[in-house]
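Residue-level structural notes
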Amino acid sequence: MAAAVLFVGSGLTLGLAQAQQTGIGRTETLRHDLGNSGREVVQVRVDFAPGASFPKHTHPGEEIAYVLEGAMEYQLGDQPPVTLKVGDALFIPAGTAHSAKNVGDVKASELATYLLDKGKPVLTLSK
């Protein structure tokens, strides 16, 4: 129950909370207005156990994924997957369906930064 409250409270959809994959932890580190633009920035640390993956999803705004530890594979739309290691970053345009997977045998972590319209959910699972 506490996990569901945490996910909903951080702007994630209830569907996401129910579909949360085993081995993935999300910790919101920052949420701040971007001036008078009606937009906000949200930063989330996402920890992936070895082999854990997050299914295809989209964001209503842009995302910058920065790998903090381990090795992560990202697939954007129909493009071939790309593998990022510690210190690598990836820009994901608004509305682009993508997935993420820890391809190493140790924990992997990313810092996800989202630029969103205020009040929008951080992400929505793709069908």
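What you are looking at is a predicted structure, and each value in this text was computed from that prediction instead of being measured.

**Details of the overall build of the chain**
Within the chain, the regular secondary structure consists of two helices and 10 strands. Each helix (α) and strand (β) of the chain, taken in turn from the N terminus, gives the series α-α-β-β-β-β-β-β-β-β-β-β. Taking all 127 residues of the chain together, 33% fall into the buried category. Accessible area of the chain: about 6600 Å², with a carbon and sulfur share of 57%.

**Thoughts on the nonpolar core**
Among the nonpolar cores identified, the biggest contains 22 residues, and Ile24, Val42, Phe48, Met72, Tyr74, Leu90 and Tyr114 are the most heavily contacted of them. Of all elements in the fold, only strand 2 (39–48), strand 4 (62–69), strand 5 (71–76), strand 7 (89–92) and strand 9 (108–117) reach the threshold of two or more residues within this core.

**Here's the deal with the sheet that holds strand 9**
Read from one edge of the open sheet, five strands run 1-2-9-4-7, paired in antiparallel fashion. On the outer flanks of this sheet lie strand 1 (24–33) and strand 7, each paired with one strand and no other. The mean inter-strand angle of the sheet, taken between neighbouring strand axes irrespective of direction, is 20°. Where strand 2 meets strand 9, 10 bridges bridge the pair, whose relative direction is antiparallel. The residue bridging aspartate 47 from the neighbouring strand is serine 109, located in strand 9.

**Considering the pattern of salt bridges**
Using the criterion set out here, one finds nine salt bridges in the structure. Between glutamate 28 and arginine 31 there is a salt bridge, and its shortest N-O distance comes to 3.0 Å. On the basis of relative accessible area, arginine 31 is assigned to the partly exposed category, the value being 33%. As a salt-bridge pair, arginine 45 and aspartate 47 come within 2.9 Å of each other at their nearest N and O atoms. Here the salt bridges do not stand alone but share partners, grouping Arg45, Asp47, Glu69 and Lys107 into one network.

**A closer look at the side chain of glutamate 63**
Inspection of the secondary structure assignment puts glutamate 63 in strand 4. Buried within the structure, glutamate 63 lacks any salt-bridge partner; arginine 26 is the closest side chain of opposite charge, at an N-O distance of 7.0 Å. Non-local contacts of glutamate 63, meaning those with residues more than four positions away in its chain, are made with Leu90, Phe91, Ile92, His98, Glu110, Ala112, Thr113 and Tyr114.

**Description of the pairing of strand 9**
Across the 10 residues that make up strand 9, a large majority, seven, are buried. As defined by bridge partners, strand 4 adjoins strand 9 across seven bridges and the pair is classed as antiparallel. Bridge assignment links isoleucine 64 to a residue of strand 9, and that residue is threonine 113.

**Digging into the environment of glycine 87**
Mapped onto the secondary structure, glycine 87 falls in the loop between strand 6 (82–85) and strand 7. C-alpha separation for the pair glycine 87 and tyrosine 66, spaced 21 residues apart in sequence, amounts to 6.6 Å. Setting aside residues no more than four positions away along its own chain, glycine 87 makes contact with Tyr66 and Val67.

What counts, and at which threshold
Residues numbered from 1 in each chain as written. Predicted model: local features only at pLDDT ≥ 70, side-chain atom pairs only at ≥ 80, totals over all residues. Heavy atoms only, no water. Helix = DSSP H or I, 4+ residues; strand = E, 2+ residues; numbered from the N terminus. Buried < 20%, exposed > 50% of the residue type's maximum accessible area, 1.4 Å probe, protein only. Areas by Shrake-Rupley, 256 points an atom, 1.4 Å probe, with all protein chains shown as cover. Core = buried A, V, L, I, M, F, W, Y, C linked by side-chain atoms within 4.5 Å. Pairing = 2+ DSSP bridges. Axes fitted to C-alpha atoms, helices over the stretch in contact; angles between N-to-C directions. Salt bridge = Lys/Arg side-chain N within 4 Å of Asp/Glu carboxyl O. Lys, Arg positive; Asp, Glu negative; His and termini not counted. Contact = heavy atoms within 4.5 Å.

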